[in-house]
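Take a look at the letters that make up each chain.
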Amino acid sequence: MSKATTQLMKRYIAVLNITNGNRYLGSEDVMQILKSDYGIDVARRVVQRDLNDLYSVGAIERKGNAPISWRSKGVQGWANVMGG
């Protein structure tokens, strides 16, 4: 697996962990938590793209039609979707 793919997978898992729960978070919140809790320092646009990519495969949900607030059921929730 390439280094870029490994970094992407780590970010996806971190984003699923960050958005896990009932509370919706904005991309700015996700970006700050990625940096402070996971040591992942990326541009806001990268976070927005990751959120949209995860949404497109059903791993994350957004509030309303505007993609400004996000939440998920975490890694385990995504595993349940994939398995069933």
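Provided above is the structure to which this section pertains.
Residues numbered from 1 in each chain as written. Predicted model: local features only at pLDDT ≥ 70, side-chain atom pairs only at ≥ 80, totals over all residues. Heavy atoms only, no water.

A.B. asks: How should I be thinking about the packing of helix α2 (residues 27–38) against helix α3 (residues 44–56) in this particular structure?
C.D. replies: Packing of α2 against α3 leaves a shortest axis separation of 9 Å and a crossing angle of 110 degrees. Viewed along their axes, α2 and α3 adopt a mutual orientation that is roughly perpendicular. Where α2 abuts α3, its residues Ser27, Glu28, Val30, Met31 and Leu34 lie against Arg44, Val47, Gln48 and Leu51. (Axes fitted to C-alpha atoms, helices over the stretch in contact; angles between N-to-C directions. Helix = DSSP H or I, 4+ residues; strand = E, 2+ residues; numbered from the N terminus. Parallel < 35°, antiparallel > 145°, perpendicular 65-115°, else oblique. Contact = heavy atoms within 4.5 Å.)

A.B. asks: Would you take a moment to explain the side chain of arginine 11 for this structure?
C.D. replies: Mapped onto the elements, arginine 11 comes out in helix α1 (residues 3–19). Arginine 11 gets classed as buried once you look at its relative accessible area, which sits at 14%. (Buried < 20%, exposed > 50% of the residue type's maximum accessible area, 1.4 Å probe, protein only.)

A.B. asks: Is there a simple way to explain the environment of serine 36 in this structure?
C.D. replies: Along the chain, serine 36 turns up in helix α2. Polar side-chain contacts of serine 36 include one of 3.1 Å to the side chain of aspartate 37. (Polar contact = N/O pair within 3.5 Å; in protein donor to acceptor, adjacent residues only side chain to side chain.)

A.B. asks: Help me understand the pattern of salt bridges in this model?
C.D. replies: Close approach of charged atoms lets side chains of opposite charge pair. Evaluation of the coordinates by the stated rule reveals four salt bridges. In this structure, aspartate 50 and arginine 11 form a salt bridge, with 2.5 Å as the shortest nitrogen-oxygen distance. Residue aspartate 50 is located in helix α3, and its partner arginine 11 is located in helix α1; the two are separated by 39 residues in the primary sequence. Neither aspartate 50 nor arginine 11 differs from the other in exposure class; each is buried. Taking the shortest distance from any N to any O, the salt bridge between lysine 35 and aspartate 41 comes out at 3.9 Å. Of the two residues, lysine 35 and aspartate 41, both sit in the exposed class. (Salt bridge = Lys/Arg side-chain N within 4 Å of Asp/Glu carboxyl O.)

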